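# Structural overview for review
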Amino acid sequence: MKQLKKVFTMATLSLLVITGCTPDHRDASLHITSREGETVTAITNVDDAVKASDHVVIGEVVDEAKFSSTNTYRYTVAVKTELKGNVNAKSIDVYEAKDALKKGKEYLLFLEYWEHELYPRPVYTPIGEETIIEIDKNQLRGNENIVMNRKKDDMVTYIQNSPEAKRLTKKNVHIVEKASSTEELIDQSDFVLHVMPVEIVHENEYVKTVTADILQAYKGELDQDSAIINLPADVEVGKEYLVFLKGEKDFRLTTRQGSVISKDHESQWNVVLNSINK
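Here the structure is a predicted model, which is why all the values come from computation and not from measurement.

### Some remarks on the layout of surface pockets
A volume near 360 Å³ is recorded for the second largest pocket. Lining the second largest pocket are 23 residues, and of these Pro232, Ala233, Asp234, Val235 and Val260 lie nearest its centre. Considering every element that reaches the lining of the second largest pocket, the biggest residue donor is strand β14 (residues 260-262), with 3 residues. Considered class by class, the residues forming the lining of the second largest pocket number 11 nonpolar, 6 polar and 6 charged.

### Some thoughts on helix α3 (residues 152-160)
For an α-helix, the turn length of 3.6 residues means that residues three or four places apart are oriented alike. Buried within α3 are the following residues: Met155, Val156 and Ile159. The buried residues of α3 occupy one face: seen down the axis, they fall within an arc of 100°.

### Quick word on the packing of aromatic side chains
Scanning the model with the defined rule gives 8 aromatic pairs in all. Between Tyr95 and Tyr119, the ring centres sit 6.5 Å apart and the planes meet at 90°, which makes this aromatic pair edge-to-face. Here Tyr119 lies in the loop between β5 (106-114) and β6 (123-126) and Tyr95 lies in strand β4 (residues 91-97), a separation of 24 residues in the sequence. Like Tyr95, the residue Tyr119 is buried in the burial classification. Ring geometry for Tyr119 against Tyr206: centres 5.4 Å apart, planes inclined by 75°, an arrangement best described as edge-to-face. You can see Tyr119 sitting in the loop between β5 and β6 and its partner Tyr206 sitting in the loop between β9 (191-203) and β10 (207-219), a full 87 residues away along the chain.

Thresholds, definitions, all that
- Residues numbered from 1 in each chain as written.
- Predicted model: local features only at pLDDT ≥ 70, side-chain atom pairs only at ≥ 80, totals over all residues.
- Heavy atoms only, no water.
- 1 Å grid on protein atoms, 1.4 Å probe; cavity = no way out; pocket = protein on both sides within 12 Å on 5 of 7 lines; lining within 4 Å.
- Points joined across faces, edges and corners; volume = space filled by probe spheres on them.
- Helix = DSSP H or I, 4+ residues; strand = E, 2+ residues; numbered from the N terminus.
- Nonpolar A, V, L, I, M, F, W, Y, C, P; charged D, E, K, R; others polar.
- Buried < 20%, exposed > 50% of the residue type's maximum accessible area, 1.4 Å probe, protein only.
- Arc of directions from axis to C-beta.
- Phe/Tyr/Trp six-rings, centres within 6.5 Å; stacked < 30°, edge-to-face > 60°.

Below is the structure:
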């Protein structure tokens, strides 16, 4: 195998740029970023917050759980009112730092939205912790630049009438659950790599970000012999995997299911290799 020098970084470890947060507060493997092409600006009023949001909802926190070692928690929020966008669900997963939200309390949330093959449900995160507004009956508690002495009912009416609430965000999110065949999986992939994780960079409940040696590239041209790749949380250092990836810069698994195959699963491994080598 030829000697290669560069490290192939699979667009990992991106953070929520719009809030200026650090790995101490947010889970880097959430991959949330500000919208491409937009200038990141300070949130100085409710109109700024609505404009910067993919979704604006009122909801109650019904569950919370630690998500990773970097102090990120997953809060399950029962959605009561949607003021911008449509989440198409009775509850959503909101990711924020510990104690940012409290179970049993109701909030007005200005949210960014994202999906990924390694997450079973859409990811929502506040556009900034300073934009989280607690609701107590008809009272609002939080950033006064956003609240502006408004009551809950007044705020709902104001946001509903805001032109920014009608300017819905269009995100090009296309998650393929599963390929219909190995041949289709190969065809849909830009890269098919034989890799071995050698170091864990970061991990959470769903994702293990690893440095992996690239043992062979069956599809796609690379000039690297190692990579930082996001893989399912159950992969292990020192074991070998076939991974199917798509994209040119922001590399992701080709499908939610079936894009990572362990060499320990010998029969499946051999079937896939036979299909690749046809």
